[in-house]
Every structure is written in C-alpha cells, then in structure tokens.
Amino acid sequence: MHNFVHKVNEDVELLFTLFDGEKMKPITESYLIKWNRLDIDPYFKKLRALFTDLSSMDLHRKKVYLVAYVIRNGAMDGREMESRRLSTVTSVLNASKRNSSHSSNSTDSPMRRPFGVAAIDLTPLINKPEDFKNDTQLSMPFLPCDKDTLDGTLQKIFKAKDQINKEGSNIWISVELLHGDLKQLKEEYPHLILSNMAHARKLGFPEVIFPGDVRNDLYVTLLNGEFSKSTGKTCDKNIEVSVCVCNEQGEMVKDVITQGGGAMMTNEYHSVIYYHDDKPMWNETFKINVPIEEFIKCHLKFTFKHRS
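For the structure given in this document, a descriptive report is provided here. For clarity, every value in this text was computed on a predicted model and none was experimentally measured.

**Considerations on the overall build of the protein chain**
Step number 1: Counting secondary structure elements, the protein chain contains 5 helices and 17 strands.
Step number 2: Here the analysis covers contacts within the protein chain between residues at least 6 apart in sequence; of these, 76% occur between residues at least 24 apart.
Step number 3: Per element, the accessible surface of the protein chain, about 18,200 Å² overall, is 52% carbon and sulfur.

Following this line, the structure appears as structure tokens:
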C-alpha cells in the first residue's frame, strides 16, 4: 500500500482481504493496517503483506478482488470529534483536580465505526501478470458507507463499479504475483519478502501442506443479531459486541485473539458499531489461537453493550 487519500480526522483501520466476487465470500484472512493520522511516515516502507497458501484453483476463480474495509476509531459521529477531544481534555483535568480514584474511567474507549469500502478486480492481473509492471500503482476506488453496512457497501461497489467516482477518496497499491513456497520466495525475492513482513493466510488449507507447517487457528465470524428496544425508548441501541476467551474458572485467557495478518494478539475483539440498528449485520471475522491442549477447557464469552 502506497497511500490512502481520504477525508476523516480520526485514526482508521484498513482491513485488506482477497475476496471471491462470484461466491461473495473472503478467500483469505485480513491484513490489518492501522493508519495513524498524525504519524504516517514511519509506516510507508512497512505497508506490505504476503497472501499465502493460494492454490491454482484459487487463481482460476472467475472474479478475485482485493477488498479493503475501512473503519474509523473515535466518536459515534465523526463531526463530534473536535468537541469530544476538547471535552475529554476538560474531564481529565477536572478528574485530576479531584484526585478521583475512578478518573481512568472518565472517558469511553474509541468506537469502531464503519467508514467505507474500497475494492479492485485482480483477475486481469492474475490472468496476464506480464501486462502489469511490478511498480505500477493501482487505484482502489473508495465508497463511503453512509448509513449502509460494510458488506452492503461492498455489494454496491460490485454492482456499480464503473460508476464510482475514481477522483475522490482512493487507496493506492501495487501488486505482484509470486509462485513457489515461502522458503523459495525468500531466496528468490529477498528485496520483496522482508523479515518483518505480515502474512495473511488462506481461510482453509492449501493444496500442498509442507512439513513443519502447523496450523491451529479458529476463525470466528460474527454474523448478525436481533435486539429489542428498552422499555420507554423511542430508538434502537448502538450495539457493540466484545468477545473474549475464558477458561473453566471464567478467567480471561490473554493475548489469543487477532484480526489477522499484521495485527497484534489482543485480549478482546470489539465489533463495529452501527448507529440505532436493532438488527445489526456485522459479518466480521477474527482469529483465535489457543494452544491445542487448552481448547477443550475454553469458552467464548460475548458481551453486548450500548455505546452512546
């Protein structure tokens, strides 16, 4: 990834995945980029990932897209951000003056809110890679979510990809198709396969499983939910789902959840929040990596919150 041109004053997450445009399902797990609006330069040489385990059948799918889901982290409404920032500073100052023991809870954690989706058809590149120079920058047209879900926005892109304004917000990338196993690629392309490079793996096993390649990944997809209004309320809640892994004693198992390639292991997964929606459609996938001997002792704990 080379650049992301956008109009948002908050930090954002970009989740890249290879996607089957005919079956409408992801082929790989996501590659996560955390785009810090204040400190971008250090990341430029590191924004690179390798999508691995792809078979000849994967490359012969009718439509293979690279999809980027863009999620902003901040206030419920992006326009609230400046005033929220000021009020946060004030509340922290007041809390410190009072020397309150619970001052650390005076502000809410940022909310993950849908911002938009970008997509590009990689089928021409897969079929005729010789037509694409390795350093050619490709544009992924970006479509804001407005009031739609991330999945609904992606479907709009597929239906009207030729009508999307390519002069607006864009993600600029370059793509190269490499053949061979990982060891071979590191020897042949040391300038491309860097030691700290993120790997995004296929959602399933490759055609050939090499000796020593051990996988013990559990992928969980948060599909949708139905929630009723509280008594006396006129509008639906803003539902956030938090997921963690617990042992038999109900204690949280730490650092076993990740969003995919390039993402750190965390204690909890937090869903995107849809505004005033009693039937949210998340369709979000995350990965759990628990030692195999611990699986039988573990549970998934889902916590539902209203975020105002």
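**Details of the sheet that holds strand S11 (residues 218-224)**
Step number 1: On the basis of which strands lie adjacent, the open sheet formed by 3 strands has the order S11-S16-S13 and antiparallel pairing. Two strands bound the open sheet, and with one partner strand each, they are S11 and strand S13 (257-258).
Step number 2: Across 6 bridges, the pairing between S11 and strand S16 (residues 281-288) is antiparallel. Within S16, the position partnered with Thr 221 by the bridge is Thr 285.

**So, the sheet that holds strand S15 (residues 268-270)**
Step number 1: Pairing is antiparallel across the open sheet formed by 3 strands, whose spatial order is S15-S12-S17. A strand with exactly one partner marks an edge of an open sheet, and here the two such strands are S15 and strand S17 (299-306). Each adjacent strand pair in this sheet contributes to an overall mean axis angle of 20°, direction not counted.
Step number 2: Looking at chain direction, strand S12 (residues 239-246) and S17 are connected through 8 bridges and run antiparallel. Opposite Ile 239, over in S17, you have His 306 as the bridge partner.

**A word on the environment of Lys 63**
Step number 1: Considering the arrangement of structural elements, one finds Lys 63 in the loop between helix H1 (56-59) and strand S6 (64-74).
Step number 2: Note on Lys 63: relative accessible area 32%, which makes it partly exposed.
Step number 3: For the pair formed by Lys 63 and Met 24, sequence separation is 39 residues and the distance between their alpha carbons is 9.7 Å.
Step number 4: Leave out the neighbours within four places in its chain, and Lys 63 touches Phe 19, Asp 20, Gly 21, Glu 22, Asp 121 and Thr 123.

**Things to note about the nonpolar core**
Burial of nonpolar side chains together is a common tendency in soluble globular proteins.
Step number 1: If you look at the biggest cluster of nonpolar residues, it comprises 32 residues, and the most contacted ones within it are Val 67, Tyr 69, Leu 150 and Leu 154.
Step number 2: Elements with a contribution of two residues or more to this core: strand S2 (11-20), S6, strand S7 (111-121), helix H4 (150-159), S11, S12 and S16.
Step number 3: Discounting residues that sit within four places of it in the chain, Val 67 has contacts with Leu 15, Phe 16, Thr 17, Phe 19, Val 117, Ala 118, Ala 119, Met 140, Leu 154 and Phe 158.
Step number 4: Leu 18, Leu 66, Ala 68 and Phe 115 belong to the second-largest nonpolar core, a separate cluster that totals 31 residues.

**Quick look at the pattern of salt bridges**
Close approach of charged atoms allows side chains with opposite charge to pair.
Step number 1: Taken as a whole and judged by the stated rule, the model has 16 salt bridges.
Step number 2: Among the ionic pairs, Asp 20 bridges to Arg 61, the shortest N-O distance being 2.7 Å. Of this pair, Asp 20 sits in strand S2 while Arg 61 sits in the loop between H1 and S6; the two residues are 41 residues apart in sequence, bridging distant segments of the chain.
Step number 3: Using a relative accessible area of 2% as the deciding quantity, one classes Asp 20 as buried.
Step number 4: Residue class for Arg 61 comes out partly exposed when judged on its relative accessible area of 23%.

**Regarding the packing of aromatic side chains**
Step number 1: Summed over the entire model, instances satisfying the criterion amount to 9 aromatic pairs.
Step number 2: Between Phe 16 and Tyr 31 the ring centres are 6.3 Å apart and the planes differ by 35°, which places this aromatic pair in the tilted class. With a gap of 15 residues between them, Phe 16 in strand S2 and Tyr 31 in strand S4 (residues 30-35) connect regions that are remote in the sequence.
Step number 3: Judged by relative accessible area, Phe 16 falls into the buried class, the value being 4%.

Conventions we followed
- Residues numbered from 1 in each chain as written.
- Predicted model: local features only at pLDDT ≥ 70, side-chain atom pairs only at ≥ 80, totals over all residues.
- Heavy atoms only, no water.
- Helix = DSSP H or I, 4+ residues; strand = E, 2+ residues; numbered from the N terminus.
- Contact = heavy atoms within 4.5 Å.
- Areas by Shrake-Rupley, 256 points an atom, 1.4 Å probe, with all protein chains shown as cover.
- Pairing = 2+ DSSP bridges.
- Axes fitted to C-alpha atoms, helices over the stretch in contact; angles between N-to-C directions.
- Buried < 20%, exposed > 50% of the residue type's maximum accessible area, 1.4 Å probe, protein only.
- Core = buried A, V, L, I, M, F, W, Y, C linked by side-chain atoms within 4.5 Å.
- Salt bridge = Lys/Arg side-chain N within 4 Å of Asp/Glu carboxyl O.
- Phe/Tyr/Trp six-rings, centres within 6.5 Å; stacked < 30°, edge-to-face > 60°.

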